Amino acid sequence: MSKKGELTVTGVFSTIGAILISLGVIWFLASNWHQMPSFAKILILVIATSAAYFAGYKLEAEHETISQAMYMLTAILWTLSLFLIAQIFNLTSTFQANSNILLVALIGTATLSYLLRSALTLVVAIFTFEAWVWLQTLSTVMAMEALGFEGAFSLILLNQLAVTGTLFGLALLHRAYKQDFAPIYTWWAAFSIFGLGFWLSNQAAQGFVPGFWQMSMFLLLPRLAVPALLIGAGTYLSLSQKKISKFDAWSGASIWLGYIIAISILPTILGLAPGQYVFRIWDMSPGYIVQWLIFNAIYIALMLTVISFGTREKRTSLVYLALLYFVVYIAARYIGFIADLSGYLAISTMFIIGGIGLIVVAYFLNKFRKHTLAQLR
Amino acid sequence: MKKHLIAVIVLAVIFAGFLFYASWPTATGTGVELKLMPVDPFDLIRGQYLTLRYEIGTIPEQYNFTEGTTVYVVLKKDGDEIHRPASYSEQMPQAGEGRVVIRGTSHKDWIEYGIESYFIERGAVLKEQMTNVTAYVKILPDGRASIVELRKDHKPVEFEYREVKFTS
């Protein structure tokens, strides 16, 4: 990956190389050989991290993509050296303790990515950010037993909304200032919201949603206010500097807001109480069916928005991401229908319709792919 | 060149700060021995470790702490050289002669001190039964603690290690 986040063969090879080295170091750390003094272990990682950084620096002028991979390796090795210190000094291995280490690592990797303007290091920072949020969520769930099963799910949902909103807001802010990192933030924001949206489009998820609004304001406010501020500022700045069309700015923000409104207000309007965990549509109450249909409608709107934006912006990675989620979505709905229509004749009919449908979809996908690639070229 | 200098300084300062934070109790803390009972899980990055449950981790019936409260436990040395809790409080108690204070966080029915993991080599096993094992812990004046070693009869416990081969 180059500075601007474009994929090249050299970039792919050197990135995979850096990841393999990182995995090797993780194995080395996990072995924790007693024959090797702690000081020697720290020294090995300090030398390896410094060597990776120096290689990145030396290669920057003539081999930019390899240099980027070396900077990414520096960020990973540096993060691992924090975990090595935690291992040597027996810092407790709870979700909270590991999440604290990730937060420290996030500060370092994010700083490094901005100083070096390194796209791959930013990917490490975003990955660290996501991992930090997950560990922090799990830690909160474990600590707050009163949250219960529904509360735990609501917190996961809320944190994912916050992550998605934060990444989307950062994407808009970077776009406003024509910063190279804007496409990376956009891709990760899309990746996160697709994950969230896909989960919510399933029948089994519907029973968890009504519990969301019962969470305390202490948990809700900061998690929604920060991304809302980022999105608001990002939308305003990128619109005023004419770096994004009104349609793109509002459709992105509307989908994020749409999810929040659907999660928080919809169950109240439909009079839903939490706790209906069903897999078959026949077992769902009408209110839950309406909620399920609305989440599917938002998800389809999300797919169309991302495909449309990716095509106009000539961003193949975004279009492929949306298509991947489209395929997963269709597969999930198809399996859902098979589960709903039990009985030999119904299943036989569904399989035949599904088979024909897939062949037709394959034909149009191929046509669409060729058309998109031709447009991008 | 300036950006590289700043990048190296930022990484080095955070690294050194974290190393300082993690090693400070071991380097300067007061040493105490605490009684414990272990089990052994695995951390994805840091490897195999023993989860330690401390005698001082149990909250006596007369105390009732809210989840997540910082708790200070005054430790006093018993005749067998083991430090045991003398009192529990939500405020930092006054330091006194022969008293050590350890800081923890209260949970439903136990207190977490941040010293519940002891990392060992992958595949290592204790040579003896894990009964009557103590942890030698160093504690800073503010109550933060760090494990130095596991002990049995006041001597470091011995582990049996696997033979290290290239394919092991």
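Residues numbered from 1 in each chain as written. Chains lettered and ligands numbered in written order. Predicted model: local features only at pLDDT ≥ 70, side-chain atom pairs only at ≥ 80, totals over all residues. Heavy atoms only, no water.

Caption draft 1: Representation of the overall build of chain A in the model. Assigned secondary structure in chain A consists of 13 helices and zero strands. The helix and strand sequence of chain A, counted from the amino end, reads α-α-α-α-α-α-α-α-α-α-α-α-α. In terms of C-alpha radius of gyration, chain A reaches 23 Å, essentially the compact-globule figure of 21 Å for 377 residues. With respect to the principal axes defined by its C-alpha atoms, chain A has extents near 65 × 55 × 50 Å. Considering only intrachain contacts with a sequence separation of at least 6, the fraction spanning at least 24 residues in chain A is 74%. In the structure as shown, chain A presents an accessible area of about 17700 Å², 76% of it carried by carbon and sulfur atoms. (Helix = DSSP H or I, 4+ residues; strand = E, 2+ residues; numbered from the N terminus. Rg over C-alpha atoms; globule rule 2.2 N^0.38 Å. Contact = heavy atoms within 4.5 Å. Areas by Shrake-Rupley, 256 points an atom, 1.4 Å probe, with all protein chains shown as cover.)

Caption draft 2: Up close: the packing of helix H2 (residues 38–59) of chain A against helix H3 (residues 64–88) of chain A. Residue and element names in this part refer to chain A. One way to put it is that H2 packs onto H3 with a least axis distance of 7 Å and a crossing angle of 165 degrees. Regarding the angle of H2 to H3, the classification is roughly antiparallel. The interaxial crossing formed by H2 with H3 has left-handed handedness. Its residues assigned to classes, the contact of H2 with H3 shows 17 nonpolar, six polar and two charged. (Axes fitted to C-alpha atoms, helices over the stretch in contact; angles between N-to-C directions. Parallel < 35°, antiparallel > 145°, perpendicular 65-115°, else oblique. Left-handed = near helix turned anticlockwise from the far one by under 90°. Nonpolar A, V, L, I, M, F, W, Y, C, P; charged D, E, K, R; others polar.)

Caption draft 3: Focus on the packing of aromatic side chains. Residues and elements named next belong to chain A. Taken as a whole and assessed by the stated rule, the structure comprises 22 aromatic pairs over all chains. Centroid distance Phe153 to Trp199: 4.9 Å. Interplanar angle 35 degrees. Geometry classified as tilted. Of this pair, Phe153 sits in helix H6 (residues 148–176) while Trp199 sits in helix H7 (residues 182–200), and the two are 46 residues apart along the sequence. The exposure class assigned to Phe153 is buried, which follows from its relative accessible area of 11%. (Phe/Tyr/Trp six-rings, centres within 6.5 Å; stacked < 30°, edge-to-face > 60°. Buried < 20%, exposed > 50% of the residue type's maximum accessible area, 1.4 Å probe, protein only.)

Caption draft 4: Representation of the environment of A:Leu272. All names here are of chain A. Its place among the elements puts Leu272 in the loop between helix H10 (266–270) and helix H11 (286–312). Owing to a relative accessible area of 14%, Leu272 belongs among the buried residues under this scheme. Separated by 22 residues in sequence, Leu272 and Trp250 have C-alpha atoms that sit 29 Å apart. Residues within four places of Leu272 in sequence aside, it is in contact with Pro210, Pro267, Ser285, Gly287, Tyr288 and Gln291.

Caption draft 5: Layout of the pattern of salt bridges. On inspection of all chains with the given rule, the structure shows 11 salt bridges over all chains. Note that A:Asp248 is salt-bridged to A:Arg312, the shortest N-O span being 2.8 Å. Here A:Arg312 lies in helix H11 and A:Asp248 lies in helix H9 (residues 246–264), a separation of 64 residues in the sequence. Exposure remark for A:Arg312: the relative accessible area of 43% places this residue in the partly exposed category. Note that B:Arg84 is salt-bridged to B:Glu55, the shortest N-O span being 2.9 Å. A residue pair is termed long-range when its members are at least 10 positions apart, and B:Arg84 in strand S5 (residues 83–89) and B:Glu55 in the loop between strand S3 (47–54) and strand S4 (70–77) qualify at 29 residues. The class of B:Arg84 is buried, set by a relative accessible area of 19%. (Salt bridge = Lys/Arg side-chain N within 4 Å of Asp/Glu carboxyl O.)

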